[in-house]
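# Observations on the three-dimensional arrangement
Here is what each chain is made of, one letter per residue.
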Amino acid sequence: MTDTQRVTLAEIAAEAGVSLATMSKVLNGRSDVAPATRTRLEEHLARHGYTRRAGAQRSDYIELVFHELESSWSMEVIEGVEEVAHAAGLSVVLTVSGDRHAPSADWIDGVLRRRPLGVVLVFSDIAPHRREKLRSRGIPFVIVDPAGDPAPDVPSVGSANWSGGLMATRHLIELGHRRIAAISGPEDMMCSLARLDGYRSAMNAAGIPIDPALVRFGDFHPAGGEAIARELLALPERPTAIFAGSDLQSLGVISAASAAGLQVPRDLSIVGYDDIPLSQWLSPQLTTVHQPLRRMGEEATRLALRLADGAPVETLRMDLATHLVVRESTAPPA
């Protein structure tokens, strides 16, 4: 509990008509409690606003949770989390669970049993009742690169996706391109929509009509980027440039261009997003928007540790700046 709370776990147990041991089992995510009893006791905890003090019975690790591991992208975040955790004398435990929106339902019970010092989640959000479970157990959590729009009280670290989309498209416009396609990520992810809004803003500001046929939603993966790029390059009036929305999608776009007999950037300019290390080793090297993935992992971990220590936190939401890295994959249209 926090220092200002007077109700004790024993008092809540007595009110609910169960033993302190049973209440402790629910609090610690033990599985040997009947579902109906667990639900009833969770309601008692929530009604009293019970919160175990953050950092109480401290563990020695941070739990980092992804819904999938894309090696190039994920490693940047992992290395950022590890650097801050190791500097604090902590280990990092990696978990893969759920989908891009939230971890799976059984993850919450597992993390309550494991009781890490803090949790860093690479997801859109987690459901309100699961947030309350973590908070009541004193397990601070921070969401990295929220693909949705977390509530104001949800700690999160993201990046300036709209600015990134604007910079990528403006660069292509300044080179002289007018028929510019955009392949964003999944339509239900806020970062996809924000990058696409940046693209539209740049096009509108330049007075360039946006052809709906050139705007597509992808999946941020190479195969998806290739499939969509093949469709775009087969149009009667194909684009001269593509803003691919992620570096991994750019790999697919480059493959589709090669299959169509086009040379990058002579026949097709490509801009990616993320600036993963691989982007420097492509031929040609990829022009891309640098998303500070490693620093996002670092800042999320620092925030989780501050919350675990009960230290003052000025803001629960941080959006880091992006910037354009111009390399070899863009050039004026032929």
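An account of the accompanying structure is given in this report. If you're wondering where the values come from, they're calculated on a predicted model, not measured in any experiment.

Analysis parameters
- Residues numbered from 1 in each chain as written.
- Predicted model: local features only at pLDDT ≥ 70, side-chain atom pairs only at ≥ 80, totals over all residues.
- Heavy atoms only, no water.
- Helix = DSSP H or I, 4+ residues; strand = E, 2+ residues; numbered from the N terminus.
- Buried < 20%, exposed > 50% of the residue type's maximum accessible area, 1.4 Å probe, protein only.
- Contact = heavy atoms within 4.5 Å.
- Areas by Shrake-Rupley, 256 points an atom, 1.4 Å probe, with all protein chains shown as cover.
- Lys, Arg positive; Asp, Glu negative; His and termini not counted.
- Charge placed at Lys NZ, Arg CZ, Asp CG, Glu CD.
- Pairing = 2+ DSSP bridges.
- Axes fitted to C-alpha atoms, helices over the stretch in contact; angles between N-to-C directions.
- Salt bridge = Lys/Arg side-chain N within 4 Å of Asp/Glu carboxyl O.
- Expected span 1.5 Å × (residues − 1).
- Core = buried A, V, L, I, M, F, W, Y, C linked by side-chain atoms within 4.5 Å.
- Phe/Tyr/Trp six-rings, centres within 6.5 Å; stacked < 30°, edge-to-face > 60°.
- Lys NZ or Arg CZ within 6 Å of the ring centre and 35° of its normal.

Moving on: the overall build of the protein chain. Across its full length, the protein chain holds 11 helices and 12 strands. The proportion of buried residues among the 334 residues of the protein chain is 53%. Expressed as a percentage of contacts within the protein chain between residues at least 6 apart in sequence, the contacts between residues at least 24 apart total 70%. Put simply, the protein chain shows about 14,300 Å² of open surface, and 52% of that area lies on carbon and sulfur atoms. Of note, the protein chain has its 33 positive side-chain charges centred 5 Å away from the centre of its 41 negative side-chain charges.

This part takes up the sheet that holds strand E1 (residues 61-66). What the 6 strands build is an open sheet, ordered E2-E1-E3-E4-E5-E11; its pairing is parallel. In this open sheet, the two edge strands, each paired with only one partner strand, are strand E2 (91-96) and strand E11 (317-320). Along the sheet, successive strands turn relative to each other by an average axial angle of 20 degrees, direction set aside. Taken strand by strand, helix H11 (residues 293-309) contacts E1, strand E3 (118-121), strand E4 (141-144), strand E5 (156-159) and E11, and its axis lies near 165 degrees from that of E4.

For the rest of this paragraph, the subject is the pattern of salt bridges. Side chains that differ in charge, positive against negative, can pair when their charged atoms come close. All chains considered together, the criterion is met by 16 salt bridges. Between Asp-275 and Arg-327 there is a salt bridge, with its nearest N and O atoms 3.0 Å apart. With a gap of 52 residues between them, Asp-275 in the loop between strand E9 (269-274) and strand E10 (287-290) and Arg-327 in the segment after strand E12 (323-325) connect regions that are remote in the sequence. The partner of Glu-299 in a salt bridge is Arg-302, and the shortest N-O contact between them spans 3.3 Å. Of this pair, Glu-299 and Arg-302 both sit in helix H11, 3 residues apart, which is roughly one turn of that helix. For Arg-302, a relative accessible area of 32% gives the class partly exposed. Beyond isolated ion pairs, a larger network of salt bridges with shared partners links Glu-79, Glu-83, Arg-294, Arg-295, Glu-298, Glu-299 and Arg-302.

Turning to the environment of His-323, a few remarks are in order. Relative to the helices and strands, His-323 resides in strand E12. What makes His-323 partly exposed here is its relative accessible area of 41%. For His-323 and Gln-291, which are 32 residues apart along the polypeptide, the C-alpha to C-alpha distance reads 7.4 Å. Setting aside chain neighbours within four positions, we find His-323 in contact with Met-167, Thr-288, Val-289 and His-290.

A turn of α-helix holds 3.6 residues, and therefore any two residues three or four places apart point the same way. Compared with the 22 Å implied by 1.5 Å per residue over 16 residues, the 22 Å span of helix H8 (residues 190-205) between its first and last C-alpha is a close match. Of the positions making up H8, those classed as buried are Cys-191, Ser-192, Ala-194, Arg-195, Leu-196, Gly-198, Tyr-199, Ala-202 and Met-203. In this structure, the buried residues of H8 make contact with helix H7 (161-174), strand E6 (180-184), strand E7 (215-217), strand E8 (241-243) and E9. Phi turns positive, to about 70 degrees, at Gly-207, one or two residues after H8.

Turning our attention to the sheet that holds E9. Strand order in the open sheet formed by 6 strands is E7-E6-E8-E9-E10-E12, and the pairing between neighbours is mixed. For this open sheet the edge positions go to E7 and E12, each flanked by a neighbour on one side alone. Direction aside, neighbouring strands of the sheet carry axes that sit 20 degrees apart on average. As paired strands, E8 and E9 are joined by 3 bridges and run parallel to one another. In the sheet register, Ala-241 faces E9, and the bridge partner there is Ser-269.

Residues Ile-62, Leu-64, Phe-66, Val-77, Val-120 and Val-122 are the most contacted members of the largest nonpolar core, which totals 26 residues. Among the elements of the structure, E1, helix H4 (71-87), E4 and H11 are those that each provide at least two residues to this core. For this core, the element with the highest residue contribution is H11, accounting for 7 residues. Once residues within four sequence positions are removed from consideration, Val-122 is found in contact with Leu-64, Val-65, Phe-66, His-67, Trp-73, Val-77 and Val-144. In terms of nonpolar packing, the next biggest core, distinct from the first, is built from 19 residues, Ala-181, Leu-214, Ala-257 and Leu-282 among them.

Aromatic rings in a pair are described by how distant their centres are and how their planes are angled relative to each other. Across all of its chains, the model carries 1 aromatic pair by this definition. Of note, Arg-195 hangs over the ring of Tyr-273, and the distance from its end group to the ring centre comes to 3.7 Å.

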